[in-house]
Amino acid sequence: MPRVQKRAEQGSALLSVLLILGVVSAVMVSLLGTITTSVRITRNAQDSLSARYQANAAEALARRELEALLNQNSGALPNVGGWNGRETPVPLDAGLMTLTIKDHTACFNVNALVADSRTNTIGQTPLNTVGVWPAAQQRYSVSLRMQRQFIALLQALEFSRGEAERITGAIVDWIDSDSIPSRLGVEDGYYTNQKTSYRTANQLLRSVSELLSVRGITKDVYARLAPWLCAHPSTRPSPINVNLLTPDQAPLLMMLY
């Protein structure tokens, strides 16, 4: 009996040890997963911060180059060649950044499709706010005049009248502040019923690329539109600089203004 009891105790001890090892292993696996995730989050945050600093540096460099050009040419750039679209390599600690300065006065400001509630003039924004992105709660309504011009641009780009009106209505509803669909447009109800549910922005576009989230703007449609559009931080129409228009742009954009 004593020998049998001793073997039983040894078996129980072995099971206890194996159980403890299993628990410790599970805890270690969980801990290692947490540590790995934390390291990745920290690395992503560092990369994001580094990218932001690099973007700010690129903006400061571009501003300095433009100011130098303006000082050299009596405050005018249209007749200065070589700067618009020029790519400038900027070496970094971990690679290379390419800085490209592009003129945005030879394009249609897609944010002009709405009117700013801070003024009674459709398609305008107070001059002291130009260049500053408005607050997210800023209210926007429809600008019928700019809609007509945008539809005309789309038709000139060989979209049918129906396509042009549907695209315009969808963009307007994406930007404006209300939840009432405009003619041929769509609001949150359409987007929340998609496979990946999301809502309209209800604010000015920060980038023309945001249009890819708008109903009806496929990659092919976007490729046709993007060269003609820009997104300014205001509802003012883009000032058309005739000297910077390409031969293809001139007849279309000048027709709209």
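For clarity, every value in this text was computed on a predicted model and none was experimentally measured.

Can you explain the environment of Thr 168? Please cite residues and give values.
As for its position among the elements, Thr 168 is in helix α3 (residues 161-175). What makes Thr 168 buried here is its relative accessible area of 0%. Between the alpha carbons of Thr 168 and Arg 148 there is a distance of 9.1 Å; along the sequence they are 20 residues apart. Residues within four places of Thr 168 in sequence aside, it is in contact with Leu 113, Gln 147, Phe 150, Ile 151 and Leu 154. Among the polar contacts listed, one links the side chain of Thr 168 to the backbone oxygen of Ala 164, at a separation of 2.7 Å.

Account for the packing of aromatic side chains, naming residues and giving values.
A ring pair, where both rings are aromatic, is described by two values, the distance of the centres and the angle of the planes. By the definition in use, this model includes five aromatic pairs. A centroid spacing of 5.2 Å and a plane angle of 40° characterise the contact between Tyr 191 and Tyr 198, whose relative ring orientation is tilted. Taking relative accessible area as the criterion, Tyr 191 reaches 0% and is therefore assigned buried. By relative accessible area, Tyr 198 is classed as partly exposed at 31%. Taken together, the ring pairs in this structure connect Trp 174, Tyr 190, Tyr 191 and Tyr 198 into an aromatic cluster.

Pulling in residues and values, what's your account of a nonpolar patch on the surface?
A surface patch of nonpolar side chains, amounting to about 620 Å² of accessible area, comprises Ile 20, Val 24, Met 28, Leu 31, Leu 32, Ile 35 and Val 39. Summarising the element assignment, Met 28 is placed in helix α1 (residues 2-72).

Describe unusual backbone geometry, naming the residues involved and giving the relevant values.
Of note in this structure, Glu 158 is not a glycine but carries a positive phi near 75°. Note that Glu 158 resides in the loop between α2 (144-156) and α3. One non-glycine residue, Asn 202, lies in the positive phi region at around 55°.

How would you explain the packing of α2 against α3 if you had to name every residue and give the values?
Close contact between α2 and α3 brings their axes to 9 Å; oriented N to C, the two are set at 135°. Here α2 lies oblique to α3, going by the angle between them. In terms of crossing hand, the pair formed by α2 and α3 is right-handed. Contacts from Gln 147, Phe 150, Ile 151, Leu 154 and Gln 155 in α2 reach Arg 161, Ala 164, Glu 165, Ile 167, Thr 168, Ile 171 and Val 172 in α3.

How would you summarise the pairing of strand β1 (residues 87-92) if you had to cite specific residues and measurements?
Sheet topology note: the β1/strand β2 (residues 95-100) ladder contains six bridges and is antiparallel. Looking across to β2, one finds that Pro 91 is bridged to Leu 96. Hairpin remark: β1 followed by β2, antiparallel, with two residues in the connecting loop.

Outline the nonpolar core, supporting the account with residue identities and numerical values.
Phe 150, Ile 167, Ile 171 and Leu 211 are the most contacted members of the largest nonpolar core, which totals 34 residues. Within the residue set of this core, elements represented by two or more residues are α2, α3 and α5 (219-225). In terms of residue count, the dominant contributor to this core is α3 (seven residues). In this structure, Ala 58, Leu 69, Val 90 and Leu 99 belong to the second largest nonpolar core, which totals nine residues.

An account of the state of the cysteines is needed here, citing residue identities and associated values.
Disulfide: a covalent bond formed between the sulfur atoms of two cysteine residues. Applying the stated criterion across every chain, the model contains one disulfide. Residue Cys 107 pairs covalently with Cys 230 via a disulfide, S to S 2.1 Å. As the torsion about the S-S bond is roughly 80°, the Cys 107-Cys 230 disulfide counts as right-handed. On the criterion of sequence distance, the pair formed by Cys 107 in the loop between β2 and β3 (108-109) and Cys 230 in strand β6 (residues 229-230) is long-range, its members being 123 residues apart. Each member of the pair, Cys 107 as well as Cys 230, carries the same accessibility label: buried.

Outline the environment of Gly 216, listing residues and values.
Take Gly 216: it is sitting in the loop between α4 (188-191) and α5. According to the relative accessible area criterion, Gly 216 is partly exposed, its value standing at 47%.

So what's going on with the side chain of Asn 111? Which residues, and what values?
Within the secondary structure, Asn 111 is located in the loop between β3 and β4 (114-116). Taking the relative accessible area as the measure of exposure, Asn 111 reaches 0% and is therefore buried. Here the side chain of Asn 111 touches Leu 205 through a polar contact of 2.8 Å, landing on its backbone nitrogen. At 2.7 Å, the side chain of Asn 111 forms a polar contact with the backbone oxygen of His 232.

Rules and cut-offs
Residues numbered from 1 in each chain as written. Predicted model: local features only at pLDDT ≥ 70, side-chain atom pairs only at ≥ 80, totals over all residues. Heavy atoms only, no water. Helix = DSSP H or I, 4+ residues; strand = E, 2+ residues; numbered from the N terminus. Buried < 20%, exposed > 50% of the residue type's maximum accessible area, 1.4 Å probe, protein only. Contact = heavy atoms within 4.5 Å. Polar contact = N/O pair within 3.5 Å; in protein donor to acceptor, adjacent residues only side chain to side chain. Phe/Tyr/Trp six-rings, centres within 6.5 Å; stacked < 30°, edge-to-face > 60°. Patch = residues over 30% accessible without salt bridge, like charges linked within 9 Å, V, L, I, M, F, W, Y side chains within 5 Å. Areas by Shrake-Rupley, 256 points an atom, 1.4 Å probe, with all protein chains shown as cover. Salt bridge = Lys/Arg side-chain N within 4 Å of Asp/Glu carboxyl O. Axes fitted to C-alpha atoms, helices over the stretch in contact; angles between N-to-C directions. Parallel < 35°, antiparallel > 145°, perpendicular 65-115°, else oblique. Left-handed = near helix turned anticlockwise from the far one by under 90°. Pairing = 2+ DSSP bridges. Core = buried A, V, L, I, M, F, W, Y, C linked by side-chain atoms within 4.5 Å. Disulfide = S-S within 2.5 Å.

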